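The primary structure of each chain is shown beneath.
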Amino acid sequence: MSVPHVALVTGAGRGIGAAIAAELAGSGAAVVLGARTLSECERTAAELRARGGSAFAVELDVGESASIAAAIARARELAGPIDWLVNNAGIAVSAPLLPREGSTDELYERHMRVNFHGARRMAEGLLPAMKSAGYGRIVNVASSAALRGYRYVAAYCASKHALLGWARAAALDLESSGVQVATVCPHYVDSPMTDASVRTIAAKTGRSEAEARALLAAENPAGKLVLPAQIAVVVRGLLESDANGALVELDGSVPRYHPAAR
Ligand SMILES: NC(=O)c1ccc[n+]([C@@H]2O[C@H](COP(=O)([O-])OP(=O)(O)OC[C@H]3O[C@@H](n4cnc5c(N)ncnc54)[C@H](OP(=O)(O)O)[C@@H]3O)[C@@H](O)[C@H]2O)c1
C-alpha cells in the first residue's frame, strides 16, 4: 500500500483554500491547514475530520519568515514529512494607481510580502526536504491577474505576475529533481475575497451588491464566477500528476491547460 501524501495548504481557513483542503482530505491525503486565523483553520479541519479525513490546523502568517518556519515545524510534528504544498494564501486590496490616491509603497510591499515572497518562502522552507526525498509537488494559486491587468489592483496584479514568473523559473531549476511546480490562474471566484470586492464596489458606486457581483461575473470569459471546488479538483490533479511548469487558467468554463510555462 502506498504511503498517503501529506499536504500543507496555506490560507485554508475559508474560501478556495478550504475547498482545496477538503478535496485533498477526501482523496486520502493528510492535510495541514494554515492561516493567521487559527480558529477558522481549526473549524475547517474539524469539519474534514468529521467526514473521515485526516486534517490538522496550524497558525501561519506567510508574511513573516519566523511564522513560516514555526508552522512548517509544527505541521511536520502533526502530520509527518510534507510532500505537497499548496501556496494559496493571498490578499487583494484595491486602490487607484498613484501613491497619493492609495497605491502606496506600503500597499505594494504588503501584496509582495504575502502573495509573492510568502509563497516563495513557503516553497524554500519545504524544498530541501522534498529534494532529499526525490519527490514533491508545489501548486501555486496565482490568478488571471498573473496573466493580464485589472483596474484598481496594480499591486495585486504585480504580486501575482511575480509569483508566476518565479514559478516558471523554479520549474526549470527543479527539472530532474523529482520536485515539480505548477500554477493555477483562476478568474473571479465565488469566495469571501470576492464578497469583499462586491461590498467595496457597491459602496463606491452606489450599485446594489447583486449588481456588483454580476459585474464581476461578467468580467469572466464564461460570464460566471469560478467555484472554489472547480479549482480544488484541478489543484488535486496537478499534485497527483507530472505537470512541472504547468499553468492552468480557470475562467468558469473548462480549465485551459497552457503549455508548460517556460
Ligand atoms: N477570489 C478570487 O476571485 C480569486 C481569483 C483568483 C485568485 N485568487 C487567489 O486565491 C487565493 C485564495 O483566495 P480566496 O478568494 O479564497 O480569498 P479569501 O476568501 O480572502 O481567503 C484567503 C485565505 O488566505 C489567508 N491569508 C491571508 N493572508 C494570509 C497570510 N499573511 N498568511 C497566511 N494566510 C493568509 C486567509 O486567512 P487569514 O486572513 O486568517 O490569514 C484566508 O484563509 C488568493 O491567493 C487569491 O489571490 C482569488
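All figures in this text were calculated on a predicted structure; none of them were measured in a lab.

### Digging into the overall build of the protein chain
Here is step 1: Assigned secondary structure in the protein chain consists of eight helices and eight strands.
Here is step 2: The C-alpha atoms of the protein chain give 18 Å as radius of gyration, which agrees with the globular expectation for 262 residues (18 Å, within 12%).
Here is step 3: Taken along its principal axes, the extent of the C-alpha atoms in the protein chain is 55 × 40 × 35 Å.
Here is step 4: Looking at the protein chain alone, contacts between residues at least 24 apart form 66% of all its contacts between residues at least 6 apart.
Here is step 5: Accessible surface, the protein chain as shown: approximately 11,900 Å² in total, 54% of it carbon and sulfur.
Here is step 6: For the protein chain, the centre of its 26 positive side-chain charges and the centre of its 25 negative side-chain charges are spaced 2 Å apart.

### Regarding the sheet that holds strand S3 (residues 54-59)
Here is step 1: Reading across from one edge, S3-S2-S1-S4-S5-S6-S7-S8 is the order of the eight strands in this open sheet, with mixed pairing throughout. Where the open sheet ends on each side, the last strands, each with one partner, are S3 and strand S8 (256-258). Strand-to-strand, the axes of this sheet are offset by a mean angle of 20 degrees, without reference to chain direction.
Here is step 2: Here strand S1 (residues 6-10) pairs with strand S4 (residues 84-87) via three bridges, running parallel.

### Structural notes on the domain arrangement of the protein chain
Here is step 1: Per the domain assignment, the segments of the protein chain are domain 1 (6-186 + 228-244) and domain 2 (189-225).
Here is step 2: Using C-alpha coordinates to define each centre, domain 1 is positioned 24 Å away from domain 2.
Here is step 3: When domain 1 packs against domain 2, the two sides together hide about 640 Å² of surface, and 67% of this comes from carbon and sulfur.
Here is step 4: Counting every contact that joins domain 1 to domain 2 gives one salt bridge.

### Points about unusual backbone geometry
The bulk of non-glycine residues show a negative phi, and the bulk of peptide bonds are trans.
Here is step 1: With a phi angle near 70 degrees, Tyr-152 is a residue other than glycine that sits in the positive phi range.
Here is step 2: By the element assignment, Tyr-152 lies in the loop between strand S5 (136-141) and helix H5 (154-173).
Here is step 3: A positive phi angle, near 75 degrees, is found at Ser-176, a position not held by glycine.
Here is step 4: As for its placement among the helices and strands, Ser-176 is situated in the loop between H5 and strand S6 (179-186).
Here is step 5: What makes Ser-176 exposed here is its relative accessible area of 82%.

### Description of the packing of helix H1 (residues 15-26) against helix H8 (residues 228-240)
Here is step 1: It is the contact of H1 with H8, at a shortest axis distance of 8 Å, that shows an interaxial angle of 50 degrees. For the element pair H1 / H8, the angle class is oblique. Judged by the twist between their axes, the crossing of H1 over H8 is right-handed. Packed against H1, whose contacting residues are Gly-15, Ile-16, Ala-19, Ile-20, Glu-23 and Leu-24, the element H8 presents Pro-228, Ala-229, Ile-231, Ala-232, Val-233, Val-235, Arg-236 and Leu-239 at the interface.
Here is step 2: Residue composition of the contact of H1 with H8, grouped by class: eleven nonpolar, one polar and two charged.

### Observations concerning the side chain of His-187
Here is step 1: Mapped onto the elements of the fold, His-187 is located in the loop between S6 and helix H6 (192-205).
Here is step 2: Overall, the relative accessible area of 6% leaves His-187 in the buried class.
Here is step 3: A distance of 2.7 Å separates a polar atom in the side chain of His-187 from a polar atom in the side chain of Glu-249.
Here is step 4: Residues contacting His-187, with those up to four places away along its chain left out, are Ser-144, Tyr-150, Asn-220, Pro-221, Val-226, Glu-249, Leu-250 and Asp-251.

### Let's talk about the environment of Leu-147
Here is step 1: Along the chain, Leu-147 falls in the loop between S5 and H5.
Here is step 2: Residues in contact with Leu-147, not counting those within four places in the same chain, are His-161, Leu-164, Cys-185, Leu-247 and Glu-249.

### Points about the site of the ligand
Here is step 1: Around the ligand there are 31 residues in total, and Arg-36, Thr-37, Asn-88, Tyr-156 and Ser-191 lie nearest to it.
Here is step 2: Contact between the ligand and Tyr-156: an oxygen atom at 2.6 Å from a side-chain N or O atom of the residue.
Here is step 3: A total of 880 Å² of accessible area belongs to the ligand in isolation, and the protein chains cover 96% of it.
Here is step 4: When contributions to the shell around the ligand are tallied by element, the ones reaching two or more residues are H1, H5 and H6.

### A few points about the packing of aromatic side chains
Two aromatic rings, taken as a pair, are described by how far apart their centres are and by the angle between their planes.
Here is step 1: Applying the stated criterion across every chain, the model contains one aromatic pair.
Here is step 2: Ring geometry for Tyr-150 against Tyr-188: centres 5.6 Å apart, planes inclined by 65 degrees, an arrangement best described as edge-to-face. Taken together, the positions of Tyr-150 in the loop between S5 and H5 and Tyr-188 in the loop between S6 and H6 put the pair 38 residues apart, joining distant regions of the chain.
Here is step 3: For Tyr-150, a relative accessible area of 14% puts it in the buried group.
Here is step 4: The residue whose ring lies beneath Arg-120 is Phe-116, and the NZ or CZ to ring-centre distance is 5.9 Å.

Rules used throughout
- Residues numbered from 1 in each chain as written.
- Predicted model: local features only at pLDDT ≥ 70, side-chain atom pairs only at ≥ 80, totals over all residues.
- Heavy atoms only, no water.
- Helix = DSSP H or I, 4+ residues; strand = E, 2+ residues; numbered from the N terminus.
- Rg over C-alpha atoms; globule rule 2.2 N^0.38 Å.
- Contact = heavy atoms within 4.5 Å.
- Areas by Shrake-Rupley, 256 points an atom, 1.4 Å probe, with all protein chains shown as cover.
- Lys, Arg positive; Asp, Glu negative; His and termini not counted.
- Charge placed at Lys NZ, Arg CZ, Asp CG, Glu CD.
- Pairing = 2+ DSSP bridges.
- Axes fitted to C-alpha atoms, helices over the stretch in contact; angles between N-to-C directions.
- Domains from an automatic or database assignment.
- Buried area = accessible area lost by both parts, 1.4 Å probe.
- Salt bridge = Lys/Arg side-chain N within 4 Å of Asp/Glu carboxyl O.
- Buried < 20%, exposed > 50% of the residue type's maximum accessible area, 1.4 Å probe, protein only.
- Parallel < 35°, antiparallel > 145°, perpendicular 65-115°, else oblique.
- Left-handed = near helix turned anticlockwise from the far one by under 90°.
- Nonpolar A, V, L, I, M, F, W, Y, C, P; charged D, E, K, R; others polar.
- Polar contact = N/O pair within 3.5 Å; in protein donor to acceptor, adjacent residues only side chain to side chain.
- Near = heavy atom within 4 Å.
- Phe/Tyr/Trp six-rings, centres within 6.5 Å; stacked < 30°, edge-to-face > 60°.
- Lys NZ or Arg CZ within 6 Å of the ring centre and 35° of its normal.

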